[in-house]
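Structural description and commentary
Take a look at the letters that make up each chain.
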Amino acid sequence: QAETLRKNKLILDRHILPALGHLAITDISPRIVINALEPAKERGLGDTLKRAIRLLNEVLNFAVNADLIEFNKCLKVSEHFSTPKAVNNPTIPPKELPAFLEALRDGNLSLQTKLLIKWQLLTITRPKEASEALWSKIDWEAKSWTKKKKKMKMKRSHVIPLSNQSLRILEKMRKITGNSPFIFQSEIKPKQPMNSQTANRAIKLLGYEGRLTAHGLRSIASTYLNEQLVNYDVVEACLAHVIKDQTRKAYNRSDYLDQRVEVMQQWADYVEKCSIGI
């Protein structure tokens with residue numbers, strides 16, 4: 001806490017107060033703030049810039065609540081400094097999924113690799129989570145897969161309802177790796193799971209380099225479900241995303257498990273519709 005306060009004060013002293021400290025709070029405008037922060041942008045201090053804007057807005061919002069100003073004119077200053085994010089995980093739109101699944105079906109890949117990619121697609125999971133899935137975490141009766149928090153990016157447990165299509169993949173894999181702890185056992189190192197980059201390499205071999213990554217498979221599901229007007233919070237729960245808005249987070253503690261059972265099946269039915277002959 002003390003270290004955070006020290007850093008915040010340092011940012012205010014270096015990037016905010018020199019240009020704004022002498023002004024009445026009613027005189028602070030977006031243009032003045034932008035001019036003050038341009039040097040930080042030019043120096044590539046992205047994180048510092050974001051924190052400076054956040055701290056300034058906290059001060060101005062406090063002034064609004066104290067009736068010192070009517071409203072915060074600088075709420076959208078951050079948009080001036082926004083830059084396009086690097087496309088680290090390119091993806092394809094849902095309408096192109098049939099062509100990808102056809103390429104997957106006909107591609108020169110092992111059956112296990114093909115099933116891994118479809119498993120990740122159907123369960124809407126991250127590459128590492130999918131490739132390291134354990135048989136012990138599958139509840140056949142409940143038709144679910146529980147991922148423990150230490151395996152999750154957000155460090156919290158997550159229960160994934162398994163669609164009929166996902167269960168069929170497990171039935172196929174049980175004949176191949178049923179005696180291993182790992183559903184997708186390494187084909188080279190039997191005591192280890194498949195490498196999390198296996199799906200990425202396979203997708204490149206299918207001709208999708210620069211167009212789609214294993215992680216980008218999640219975006220296909222997200223786009224499709226949002227286009228179908230599925231409740232946004234339910235979609236985010238399917239993706240195992242944490243609610244970032246603190247107010248919404250405080251009032252929304254549901255994991256939407258019942259709704260996700262239906263949504264995951266809806267998504268799987270679409271994937272099956274796209275994967276004729278696979």
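Residues numbered from 1 in each chain as written. Predicted model: local features only at pLDDT ≥ 70, side-chain atom pairs only at ≥ 80, totals over all residues. Heavy atoms only, no water.

Let us now look at the pattern of salt bridges. For side chains bearing opposite charge, pairing can occur when the charged atoms are close. Counting across every chain of the model gives 10 salt bridges. Note that Arg54 is salt-bridged to Glu58, the shortest N-O span being 3.0 Å. Highlighted residues: Arg54 and Glu58, both in helix H3 (residues 46-65), separated by four residues, approximately one helical turn. Arg105 is paired through a salt bridge with Glu102; the nearest N and O atoms lie 3.8 Å apart. With Arg105 and Glu102 both in helix H5 (residues 97-106) and three residues apart, the pair spans about one turn of that helix. For Glu102, a relative accessible area of 43% corresponds to the partly exposed category. (Salt bridge = Lys/Arg side-chain N within 4 Å of Asp/Glu carboxyl O. Helix = DSSP H or I, 4+ residues; strand = E, 2+ residues; numbered from the N terminus. Buried < 20%, exposed > 50% of the residue type's maximum accessible area, 1.4 Å probe, protein only.)

Attention shifts here to the sheet that holds strand E2 (residues 144-147). In space, the three strands of this open sheet follow the order E1-E2-E3, with antiparallel pairing throughout. With partners counted over all chains shown, the strands left at the sheet margins are strand E1 (138-139) and strand E3 (158-161), one partner each. Alignment of E2 against E3, held across four bridges, turns out to be antiparallel. Paired with Trp145 across the bridge in E3 is Ile160. (Pairing = 2+ DSSP bridges.)

A general feature of soluble globular proteins is that nonpolar side chains tend to end up buried together. Grouped together as the largest cluster of nonpolar side chains are 53 residues, with contacts concentrated most on Leu97, Phe100, Trp119, Phe184 and Trp267. With sequence-adjacent residues up to four places away left out, Trp267 is seen in contact with Leu97, Leu121, Leu122, Ile124, Ile220, Ala221, Tyr224 and Leu225. Judged by nonpolar contacts, the second largest core, of 20 residues, contains Ile28, Ile34, Leu37 and Cys74. (Core = buried A, V, L, I, M, F, W, Y, C linked by side-chain atoms within 4.5 Å. Contact = heavy atoms within 4.5 Å.)

What follows covers helix H8 (residues 164-177). Taking 1.5 Å per residue as the helical rise, H8 with its 14 residues ought to reach 20 Å, and the 20 Å between its terminal C-alpha atoms agrees with that figure. Summarising the contacts, the buried residues of H8 are in contact with helix H6 (111-123), E1 and helix H13 (257-274). (Expected span 1.5 Å × (residues − 1).)

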